[in-house]
Amino acid sequence: MASAAATIRERVMAAGARIKRVKRVDRAATYTITLGGIFIVVSVSFIFLFIFGQALPLFRPAHGRAVGVMPLMGVTGADGMAAGRPLALGTDEYQMYLYELLPDGRLVFFKTQDGSKAKEFATTSLAGAAVTAGSRSLIGDYVAAATGDGRVALQQVRVLPRYEEQRLVDLETEVRDRGLVEVDPTHRPVRAVRYQEEESWQLVAAQVADDEIAVLRRNPDEGAEARHALRSNGGERFTAFELGRADTLAAGTEKGNVYLWELGDEPRLLHLSAVSSQPVTALQYSIGSHSLIVGDAAGALSAWFRVRTKDDEPELSLIKAHDYDGQGQAITGIGQSTRDRTFVTAAADGSLVLRHLTSERSVVSFPATGARPQEALLTPRSDAILVRNEDGTVARYEVTNPHPEVSWRALFGKVWYEGYAQPEYVWQSTGATDDFESKFSLVPLVFGTIKGTFYAMLFAVPIAIMAALYTSQFAHPSIRQRVKPVVEIMAALPSVVVGFIAGLWLASRVEQQLVPVLLMFAFLPAAGTAGVLVWDRLPHGLRKRLRPGMELAVIVPMAVVGVWLALKLGPGFEGALFGGDFKGWVHSALGLVYDQRNSLVVGLAMGFAVIPIIFTISEDSFSSVPSHLTAASLALGASRWQTALRVVLPTASPGIFSAVMIGFGRAVGETMIVLKATGNTPVLDWSVFNGMRTLSANIAVEIPEAPHGGTLYRILFLAGGVLFLMTFFVNTIAELIRQRLRERYKAL
Amino acid sequence: MSLRKAIQRGDHLIWLTGSALAACILMIVGLIVVILVNGLGFFWPAPLVKLTLKDGGVFLGELVTREPIPNPGQPDHLKRHRLQLKVGNRDLLGYDFKWIDEADVVAREQPAGVFTVERREYGPLLGTPVLLKQGDRELAQGPEAIRSALPALLDRAARDRAAIEHIEKEEIGDINYRIERARLDLRKIEFRARREPGRDLSAERAEVERQVAAAQKQYEAKQAELARLMEQAATTFVTFKAADGTDKELRTLDVYRAYPANELGWFQRAGIYAGRLWTFVAEDPRESNTEGGIFPAIFGTVMMVIIMSIMVVPLGVLAALYLREYAKQGPLVRIVRIAVNNLAGVPSIVFGVFGLGFFVYFVGGGIDRVFFPESLPTPTYGTGGILWASLTLALLTVPVVIVASEEALAAVPRSMREASLAMGATKFQTILRVVLPAAAPGILTGLILAMARGAGEVAPLMLTGVVKLAPELPLDGFFPFFHLDRKFMHLGFHIYDVGFQSPNVEAAKPMVYTTTIFLLMIVVALNFTAIVVRNRLRRKYQTSAF
């Protein structure tokens, strides 16, 4: 007995343990599934956050901080005397050293870290003559040292990085002698100098009198040399001048005029324009020398470039494209970045503003320090600003400005780009040259997206809704059963296939048979509708077999006849109405150019892709209209069409609306079809005969070339986010409407 | 019944709506017909036509199309016709296709003895064989003799090619792989040496260096063997005379297939058709994808879809189980459901962007920094690859699986659950043993639909790892066999790339149509299976309702 009781107890215990285990498993499963489910749902929303998170740094403001002021004046001359104030300032790409040109002709290198002196190079060719002016070119580190007797020593600073185990350890600096030139044969002292080299041509400009700039152009390899004197009109004083690419020289005067010369073999004055009522105090060319940035004594800043304002104008004119927020005090220095279109402006009170040329944005501002800046420069990597003050000190500021060219206005507003006659919406992310001005307007892309979607919907919506109406209301059940899988297969066709057929087959056919294709839009429905005439005249035996709802058996052959007729009659039509050349007529009468890959093709192809979606949802909502409504209507004597139009359509209209919305969402994001069926040119033009570039195609085209983390990369993520928002929003509305409709049907 | 009455009742408008449906049907039928007509004819060995023109020019080729010549505004607009001839011989002529005005043709014949030759480079060669020789020794002369001697030589060439390819790809590939591994090992040792400066790693270094040296030696031996084999194989030459009289000498090693195009019976033609189709399915592409086969693309597509399915099923089912069985039904879950539903409508390119930013750069970049620092800056996982592409597609298709699974779970009759629970089963046991098996066909439908969608998507793949030509498959004989970091080829991208980026679109077009047929077959078959499974499922529930 005892053993039996024990067995029972054991069994009960075992069962209890098993139940416990099962319950434990159940609890664990509950937790796992709940956690897993929540995790998946959360990670799905994470997609959205991540995409916008990648785009967010675009809008993060740039920031900067003053690092300190270095009293580099501590350098003494060979004779133990103070060497005087520096005349020019430069730095290397890695900001390891900065160098100054001193009045005794020495180039002294300092460690940027602590301001201690590292090395120095004497300008041997000057042999101790006093240097009165100096300059350093933006590109190439060409340094000029000009003397009180009209001579200029030309040098180039070269920096070679030295790596150890892939880490930069030091720079080797070298100062190369580029020659000593006599820019002014009359030996007047040089007040200001500029020097640059381009394709082995040396160009030196030196102000030797109030109203005279002496220019020397020489090519030591070929032994060519030419001197010119540039003078202002009426003796007005030059207050600033700068050399640009392609042998141009811009000079500003005390009366607020700007002279623009082209220094070929013979100097030619291209422009003389009044740019300000105040004296011009600072001038700088933008990278690529297209734009000229002008600062005046009142602190106003503007940018100018040369452009043909009208197509038939023979000469370019110098126009003001940008105005910038002023600084209140005279602008004393403008430093241009060598990698993009940011520049820094220094005012007489020591205040600094980092700006972007194209977007007119003031990126970072630093308050006045009281020091009087003479020169401001942006380091080659645009990560710091160096300011040479009048007292010989150098102030250094660190800036982080990863996406200077982006602002809301640059993305969505009209922007005045270099070489354009007026502000425009342009998308052009990359160019052939380094000094290319990126054009990041999303407007043409959004426009292209809407345009493509519009034409696709124009084609798809009527067809899909009418087909759905026919299938659900008029077609015989046996036809309906066959039609639905066909449409489902149509929905499953990969868009790359549709795009391929559209781009390689349809586009060329449409181009060859444009008029017949356009005629088809009228002939096919007309022929199908004309079936109503045939219906009554069908042979009796056949008609007996075709019950109402079998119209399709007549319509399809009739439609084929319609298509055939369009193809046959098209050329005749073209000959009669458009002189045999419709494309020529479109060009001459409407001023439209016909592209082979155009919106018509996209509309047809994308419409094809969208039709099944709209069809399926519309058919669903038509079919689920309660049958007692239609029965009542028919019983009251309304015809099938009247019932469909007055009862079914209004009742199902929210469903139709959501079907259209979902179709819209699909068309907006469609990539492969647009990529292949359009030329992908971002144009702002509604014409059905040319292409477009959509947001989605733009992402596919550009992202392989966009470096990770760069501006273009982030803008493309922004475009992706915009697409996501658009479709998600549209779909959600459609879904909500559909759910409400379902409830309404329940109530009926 | 009079027409007026019919119009009064609006019957003609019914016919108008019917026309819309007819237009849909015509479009889909038209599309499929276009693809089939263009794609299926590609492998058919068409007869060669010789055209003599007014100006004395002679062209031999396959007739591709005949179309009216547009000349807008002129009376002969679309009245005259031109012929497109595929003339081949790109190395001799500089083009593959030639448009010829029908009015210029004075003689048209199908000459006997002309061959279509498929060769390694420059597309097909069309011409009459004139000379066959081994080294300097003549083997055969004249079309008849060559025709009987050629097949044996081509068989040998095929065997030689296979042997050469084996050495190049398998054996030398293996050695290269080992050298590359050893190189990475060396860098790893250097990394360790930097981390642990005190340790003596010279023994390990020497070992790896010894391996490299050994592999290098093997490599040289194999190279020598390869050179010898090449020399032996490349001794027979066959010369063809093109239509314009130029001679072209080919190594038989470079000839893949040659047939007398105008002297074939139907049966032989069918045999060549089947052979070419097989080549297309089973071989690697050649000549920047315009010739050869699409095997890597088929393989890549299938493998990607399989990896995607492995990812997407647990994720989708788990989320559906949570939403349907565990979550408290309320407005929040309703919102989540709508959101998930709508995710299916988000453009695929957006998922591609996400995959690039998150999987490739963020996750992949992180993996590289932690696990593969020795190969940096060359990325291992920090660049597109089949794993990232599959994951991106899994995300893209997970809403489909969630929605389908939820519907399937909801369709399981309440009575079945209640019976299970009443017998004392826990919730999890009920789900595992009763609900999930009953819902399995529905979930399967969702999975198949997801696979169909995944197989046809291209846009997200373009950002996450698909390439036009992947030298290595993501699955091979080298450890660890699955190379999920590798880039891969895909049928859809192949269509896009060859059809639009190819240097010789006209010649590649038929191949693209054929590729399209394969992609469509995969997608339509998957969809069709889904429809069948769903219909079965419906019937099953109809009978099981009690």
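Values in this document were obtained by computation on a predicted structure and should not be read as measured data.

1. Examining the overall build of chain B
When its secondary structure is counted, chain B shows 15 helices and 13 strands. Computed over its C-alpha atoms, the radius of gyration of chain B comes to 31 Å, more than 25% above the 24 Å expected for a compact globule of 546 residues. With the C-alpha coordinates aligned to their principal axes, the bounding extent of chain B is approximately 105 × 90 × 45 Å. Of the contacts formed within chain B by residues at least 6 apart in sequence, a portion of 66% connects residues at least 24 apart.

2. Remarks on the overall build of chain A
When helices and strands are tallied, chain A shows 16 helices and 30 strands. The C-alpha atoms of chain A give a radius of gyration of 38 Å, which is well past the 27 Å a tight globule of 748 residues would have. A buried classification covers 54% of the 748 residues belonging to chain A. Long-range contacts, defined as pairs at least 24 residues apart, comprise 58% of the intrachain contacts of chain A with a sequence gap of at least 6. In the form shown here, chain A has an accessible surface area of approximately 32,200 Å², with 57% of it arising from carbon and sulfur atoms.

3. Regarding the sheet that holds strand S28 (residues 394-400) of chain A
Residues and elements named next belong to chain A. In spatial order, the strands read S1-S28-S27-S26; together these 4 strands make up an open sheet with antiparallel pairing. At either end of the open sheet lies a strand with only one pairing partner, and these are strand S1 (63-70) and strand S26 (373-378). Averaged over all adjacent pairs, the angle separating strand axes in this sheet is 20 degrees, with direction ignored. Bridge count between S1 and S28: 7 bridges; the pairing is antiparallel. Residue pairing for S28: Gly68 is matched across the bridge by Arg396.

4. Here's the deal with the packing of helix H5 (residues 495-512) of chain A against helix H11 (residues 599-623) of chain A
Residue and element names in this part refer to chain A. The interhelical angle for the contact between H5 and H11, taken along N-to-C directions, is 140 degrees, at an axis separation of 10 Å. With respect to their mutual orientation, H5 and H11 come out oblique. H11 is crossed by H5, and the crossing has right-handed handedness. Here Val498, Ala502, Leu506, Ala507 and Val510 of H5 lie close against H11, whose contacting residues are Leu600, Val601, Leu604, Ala605 and Phe608. Per-class residue counts for the contact of H5 with H11 are 10 nonpolar, no polar and no charged.

5. Notes on the domain arrangement of chain A
All names here are of chain A. Splitting chain A by domain gives domain 1 (2-59) and domain 2 (440-745). The C-alpha-based centres of domain 1 and domain 2 are spaced at 47 Å. Contact between domain 1 and domain 2 buries roughly 910 Å² in total, counting both sides, with carbon and sulfur atoms accounting for 83%. Between the two partners, domain 1 and domain 2, sit 0 salt bridges.

6. Focus on unusual backbone geometry
Trans peptide bonds make up most of the peptide bonds, and negative phi angles are found at most residues other than glycine. In this structure, Glu360 of chain A is a non-glycine residue whose phi angle is positive, near 60 degrees. Residue position: Glu360 of chain A is located in the loop between strand S24 (352-356) and strand S25 (362-366). Phi is positive for Asn89 of chain B, close to 50 degrees, though the residue is something other than glycine. Here Asn89 of chain B falls in the buried class, since its relative accessible area comes to 5%.

7. With respect to the packing of helix H3 (residues 443-474) of chain A against helix H13 (residues 640-669) of chain A
Residue and element names in this part refer to chain A. Orientation of H3 relative to H13, taken along the N-to-C sense of each, is 145 degrees, at an axis distance of 9 Å. Crossing hand, H3 versus H13: right-handed. Across the interface between the two elements, Thr449, Thr453, Met457, Val461, Ile465, Leu469, Gln473 and Phe474 from H3 touch Arg640, Trp641, Ala644, Val648, Ile656, Val660, Gly663, Phe664, Ala667 and Val668 from H13. Residue composition of the contact of H3 with H13, by class: 13 nonpolar, 4 polar and 1 charged.

8. Topic: the interface of chain A and chain B
If you look at the interface, chain A gives 94 residues, while chain B gives 84 residues. Buried surface at the junction of chain A and chain B, both sides included, amounts to about 8,400 Å², of which 81% is carbon and sulfur. In terms of surface lost to chain B, no three residues of chain A exceed Ile33, Phe500 and Trp641 of chain A, which account for 8% of the buried area on that side. Run the count over chain A and chain B and you get 0 salt bridges. There are 4 residue pairs in polar contact (both at pLDDT 80 or more) connecting chain A and chain B. Counting residues per element, the side of chain A that touches chain B draws most heavily on helix H1 (residues 2-55) of chain A, which supplies 17 residues.

9. Considering the domain arrangement of chain B
All names here are of chain B. The domain architecture assigned to chain B consists of domain 1 (49-120), domain 2 (137-285) and domain 3 (310-407 + 440-527). When each unit is reduced to the centre of its C-alpha atoms, the spacing between domain 1 and domain 2 is 36 Å. With 18 residues of domain 1 at the interface, the matching set in domain 2 holds 20 residues. Interface area, domain 1 with domain 2, both sides summed: about 1,700 Å², of which 56% is carbon and sulfur. Counting the contacts that link domain 1 with domain 2 gives 4 salt bridges. Arg257 is paired through a salt bridge with Glu118; the nearest N and O atoms lie 3.1 Å apart. The interface formed by domain 1 and domain 2 holds 9 residue pairs in polar contact (both at pLDDT 80 or more) in total. No other element matches the 5 residues that strand S6 (residues 115-119) contributes to the side of domain 1 that touches domain 2.

10. Overview of the side chain of Thr91 of chain A
Residues and elements named next belong to chain A. Mapped onto the elements of the fold, Thr91 is located in strand S2 (residues 88-91). Among the polar contacts made by the side chain of Thr91, one reaches the main-chain carbonyl oxygen of Tyr97 at a distance of 2.8 Å. Thr91 has contacts with Tyr97, Leu98, Tyr99, Arg136, Asp141, Leu377, Thr379, Pro380 and Leu386, leaving out every residue within four places of it along the chain.

11. Brief notes about the sheet that holds strand S9 (residues 167-182) of chain A
Residue and element names in this part refer to chain A. On the basis of which strands lie adjacent, the open sheet formed by 4 strands has the order S6-S7-S8-S9 and antiparallel pairing. The sheet is open, and its two borders are formed by strand S6 (131-136) and S9, each paired with just one other strand. Going from strand to strand, the sheet's axes swing by 20 degrees on average, the running direction of each strand aside. Bridge count for S6 against strand S7 (residues 142-147) is 5 bridges, and the pairing is antiparallel. By the bridge assignment for S7, Val131 is matched with Thr147.

12. Looking at helix H6 (residues 266-282) of chain B
All names here are of chain B. In this model H6 runs 24 Å from its N-terminal to its C-terminal C-alpha over 17 residues, within 8% of the 24 Å that 1.5 Å per residue would give. Along H6, the residues classified as buried are Arg269, Ile272, Tyr273, Arg276, Thr279 and Phe280. Along the axis of H6, the buried positions cluster into a sector of 125 degrees, meaning they face one direction only. Turned more than 90 degrees off the buried face of H6, the exposed positions are Phe267 and Trp278.

13. A look at the nonpolar core
One finds Val510, Ile614 and Ile699 of chain A together with Met462 of chain B to be the most contacted residues of the largest nonpolar core, which totals 221 residues. Apart from residues lying up to four places away in sequence, Met462 of chain B is in contact with Met672, Leu675 and Ala700 of chain A together with Phe493 and Tyr496 of chain B. In this structure, Leu154, Val181, Tyr195 and Ala206 of chain A belong to the second largest nonpolar core, which totals 16 residues.

14. Points about a positive patch on the surface
Residue and element names in this part refer to chain A. Residues Arg18, Lys20, Arg21, Lys23, Arg24 and Arg27 make up a contiguous surface patch of positive charge. Note on placement: Arg27 falls in helix H1. For Arg27, a relative accessible area of 48% corresponds to the partly exposed category.

15. Quick word on the pattern of salt bridges
What the rule picks out here adds up to 58 salt bridges over all chains. Close ionic contact of Asp149 of chain A with Arg151 of chain A constitutes a salt bridge, the shortest N to O distance being 3.3 Å. The shortest N-O distance in the salt bridge between Arg120 of chain B and Asp254 of chain B comes to 3.2 Å. Placement of the pair is Arg120 of chain B in the loop between S6 and strand S7 (125-134) and Asp254 of chain B in the loop between strand S10 (247-251) and strand S11 (255-260), with a sequence separation of 134 residues. Residue classification places Arg120 of chain B among the partly exposed positions, given a relative accessible area of 35%. Residues joined by salt bridges that share partners form a network here, namely Asp184, Arg188, Glu212 and Arg231 of chain A.

16. A closer look at the side chain of Ser286 of chain A
Residue and element names in this part refer to chain A. Its place among the elements puts Ser286 in the loop between strand S18 (280-285) and strand S19 (291-296). Of the polar contacts made by the side chain of Ser286, one reaches the side chain of Glu418; its length is 3.2 Å. Dropping the residues within four chain positions of it, Ser286 is found in contact with Ser291, Gln336, Leu357 and Glu418.

17. Section: a negative patch on the surface
Together, Glu165, Glu168, Glu170 and Glu283 of chain B make up a region of like negative charge exposed at the surface. Topologically, Glu165 of chain B is positioned in helix H4 (residues 143-195).

Analysis parameters
Residues numbered from 1 in each chain as written. Chains lettered and ligands numbered in written order. Predicted model: local features only at pLDDT ≥ 70, side-chain atom pairs only at ≥ 80, totals over all residues. Heavy atoms only, no water. Helix = DSSP H or I, 4+ residues; strand = E, 2+ residues; numbered from the N terminus. Rg over C-alpha atoms; globule rule 2.2 N^0.38 Å. Contact = heavy atoms within 4.5 Å. Buried < 20%, exposed > 50% of the residue type's maximum accessible area, 1.4 Å probe, protein only. Areas by Shrake-Rupley, 256 points an atom, 1.4 Å probe, with all protein chains shown as cover. Pairing = 2+ DSSP bridges. Axes fitted to C-alpha atoms, helices over the stretch in contact; angles between N-to-C directions. Parallel < 35°, antiparallel > 145°, perpendicular 65-115°, else oblique. Left-handed = near helix turned anticlockwise from the far one by under 90°. Nonpolar A, V, L, I, M, F, W, Y, C, P; charged D, E, K, R; others polar. Domains from an automatic or database assignment. Buried area = accessible area lost by both parts, 1.4 Å probe. Salt bridge = Lys/Arg side-chain N within 4 Å of Asp/Glu carboxyl O. Polar contact = N/O pair within 3.5 Å; in protein donor to acceptor, adjacent residues only side chain to side chain. Expected span 1.5 Å × (residues − 1). Arc of directions from axis to C-beta. Core = buried A, V, L, I, M, F, W, Y, C linked by side-chain atoms within 4.5 Å. Patch = residues over 30% accessible without salt bridge, like charges linked within 9 Å, V, L, I, M, F, W, Y side chains within 5 Å. Lys, Arg positive; Asp, Glu negative; His and termini not counted. Charge placed at Lys NZ, Arg CZ, Asp CG, Glu CD.

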